[in-house]
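# Working through the structure, step by step
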Amino acid sequence: MSILSKPLVADMLARLFSATVNPAPKPGVRFPEIPGDTTEVVIPTRHGDTAATVYRPKPGKATPAVYVNVHGGGFVVGHRDQDDPWCRYLAAHANVVVVNTDYVLAPRHRFPAPVEQIYDVLGWAAAADRDWDPTRLCVGGQSAGGSLSAAAARLALELGGPDIKLQVLHYPPLDLVTATKDKRSALGAKAVMRPWMGEVFDTAYVPDVARRTDRLVSPAWGTNADYIDGIAPALVVTAEYDRLRDEAWRYAQKLDAVGALAEYHEVRGVDHGYNIMSDAGDVTRRVYDVIAGHVSRAIAA
């Protein structure tokens, strides 16, 4: 391991990255034709209050279901606004209330704090006094948000709830045991996920290398997913050129083995973050339609 694996160095670089990265989605993957109906809320959790934006579908006769969205950012960047186009799209096309939540970030808050906070947000969304149907609950996220969604779904399985109709894992990191430099991409050095990025983010989130074998950190590693019967059905979406593709595919096989794989969907010709960092609007819209379709079917079942 390099000097980037030293927590003091990784923490400094993670903070620098968080302060300088531009999270705004490219113009081509925004959807200005969807105005959105949003409300800002504050959600209490064991790690303090966290802010969230609630997106509501057009009023209808039926009470809508609810989808908790967890943004990405390598566990160190906190900009839920980057998912604004996606949340508007999902609320409009799947007729769900979308709770787009923040969460505590590394290195100030390391594992398991973000996982526990997302689990608490799910509990809040599943409370009986909401103006949506808390019995039709979904959770999902992209990149680090996908990892946290998978972990929260695992906790829901182990702790007996809340009941989750669907988990959406969109190009998630699911194996922090394997170094990013050892994860292949057809793009090689041109891949979005650079080895140094993985080393810094992983160290900031879980500095103890031995602890990265935890099932909530690396569900795709080893035998961590051998006993997940009863876990929420999952839609796993990967990008063809993403270094994280193979670990998500492995986890999909584990889910399939227990009848919990709704679909494994690989997006051809794109890399990690294609729906935010590129102008691949047509590709993004097609994938969002796939996800929205799965959400609609899950909450109708």
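Now for a quick tour of the structure. Fair warning: this is a prediction, and the values are worked out from it, not measured in the lab.

With that out of the way, let us pick up the sheet that holds strand β4 (residues 96-101). Spatially, the eight strands line up as an open sheet ordered β1-β2-β4-β3-β5-β6-β7-β8, and their pairing is mixed. Across the chains shown, the open sheet's two edge strands, defined by having one partner strand only, are β1 (38-43) and β8 (261-267). Neighbour-to-neighbour, the strand axes of this sheet turn through a mean angle of 20 degrees, independent of strand direction. Relative to β4, strand β2 (residues 50-55) runs antiparallel, the two being bridged by four bridges. Along β4, the bridge assignment pairs Val54 with Val99. Lying over the sheet, helix α3 (residues 113-125) contacts β1, β2, β3 (65-70), β4 and β5 (137-142), oriented at roughly 165 degrees with respect to β3.

So, about the layout of surface pockets. If a probe as big as a water molecule is rolled over the atoms, it shows which places are left empty. Taken as a whole, the largest pocket holds about 550 Å³ of empty space. Considering the residues around the largest pocket, the lining is formed by 30 residues, among which Gly73, Gly74, Ser143, His272 and Met277 are closest to the centre. Counting residues per element, the ones that place at least two in the lining of the largest pocket are α5 (195-205) and α7 (274-277). Top element by residues in the lining of the largest pocket is α5. It accounts for four residues. Residue composition of the lining of the largest pocket, grouped by class: 16 nonpolar, eleven polar and three charged.

What follows concerns the nonpolar core. Ranked by size, the top nonpolar core spans 44 residues in total, and within it Val68, Val99, Val115, Leu148, Ile164 and Tyr205 carry the most contacts. Elements supplying a minimum of two residues to this core: β2, β3, β4, α3, β5, α4 (144-159) and α5. Setting aside chain neighbours within four positions, we find Val68 in contact with Val99, Thr101, Val121, Leu122, Ala125, Leu137, Cys138, Val139 and Gly140. Trp86, Ala91, Tyr171 and Val295 belong to the second-largest nonpolar core, a separate cluster that totals 32 residues.

What follows concerns the pattern of salt bridges. Scanning all chains against the criterion turns up 23 salt bridges. Between Arg110 and Asp11 there is a salt bridge, with its nearest N and O atoms 2.6 Å apart. In this pair, Arg110 sits in the loop between β4 and α3 while Asp11 sits in helix α1 (residues 7-20), placing the two residues 99 residues apart along the sequence. When its relative accessible area of 24% is taken as the criterion, Arg110 is described as partly exposed. With its nearest N and O atoms 3.0 Å apart, the salt bridge here joins Glu266 to Arg268. The exposure class of Arg268 is exposed, given its relative accessible area of 58%. Ionic contacts of the salt-bridge type, sharing partners, join the residues Arg184, Glu240, Arg245, Asp246, Glu266 and Arg268 into one network.

Positionally, Thr180 belongs in the loop between β6 (166-170) and α5. Judged by its relative accessible area of 5%, Thr180 is buried. Aside from chain neighbours lying at most four places away, what touches Thr180 is Met193, Arg194, Pro195, Gly198, Glu199, Asp202 and Arg243.

To continue, consider the environment of Val29. Looking at the element boundaries, Val29 is found in the loop between α1 and β1. Considered as a pair, Val29 and Ala92 are 63 residues apart in the sequence and their alpha carbons are 16 Å apart. When sequence neighbours within four positions are dropped, the list of residues in contact with Val29 reads Pro85, Tyr274, Asn275, Ile276, Ser278, Asp279, Ala280, Gly281 and Thr284.

Procedures and definitions
- Per chain, residue numbering runs from 1 following the sequence as it is written.
- Note on the predicted model: pLDDT of at least 70 is required for a residue's local features to be given, and 80 or more for side-chain atom pairs to be given and counted; whole-chain, interface and lining totals, by contrast, use all residues.
- Hydrogen atoms and water are omitted, and side-chain values are computed over all heavy atoms in the structure.
- Strand pairing requires that DSSP identify at least two bridges connecting the strands.
- For helices the rule is a DSSP run of H or I covering at least 4 residues; for strands it is a run of E covering at least 2, with both sets numbered from the N terminus onward.
- Helix axes use the C-alpha atoms of the stretch in contact, all axes being lines fitted to C-alpha atoms, and the angles between their N-to-C directions lie in the range 0 to 180 degrees.
- By definition, residues are in contact when any of their heavy atoms lie within 4.5 Å.
- Lining residues are defined by having an atom within 4 Å of a point belonging to a cavity or pocket. Those points lie on a 1 Å grid over the protein atoms alone, cavities being sets where a 1.4 Å probe fits but cannot get out and pockets being open sets with protein on both sides within 12 Å along at least five of seven lines.
- Grid points are joined across faces, edges and corners, and a volume is the space filled by probe spheres set on the points.
- Nonpolar residues are Ala, Val, Leu, Ile, Met, Phe, Trp, Tyr, Cys and Pro. Charged residues are Asp, Glu, Lys and Arg, and all others, Gly as well, are polar.
- Remark: nonpolar core denotes a set of buried residues (Ala, Val, Leu, Ile, Met, Phe, Trp, Tyr, Cys) joined through side-chain atoms within 4.5 Å.
- Residue exposure (1.4 Å probe, protein chains only): buried if accessible area is under 20% of the type maximum, exposed if over 50%, otherwise partly exposed.
- We define a salt bridge as a contact between a side-chain nitrogen of Lys or Arg and a carboxyl oxygen of Asp or Glu at a distance within 4 Å.

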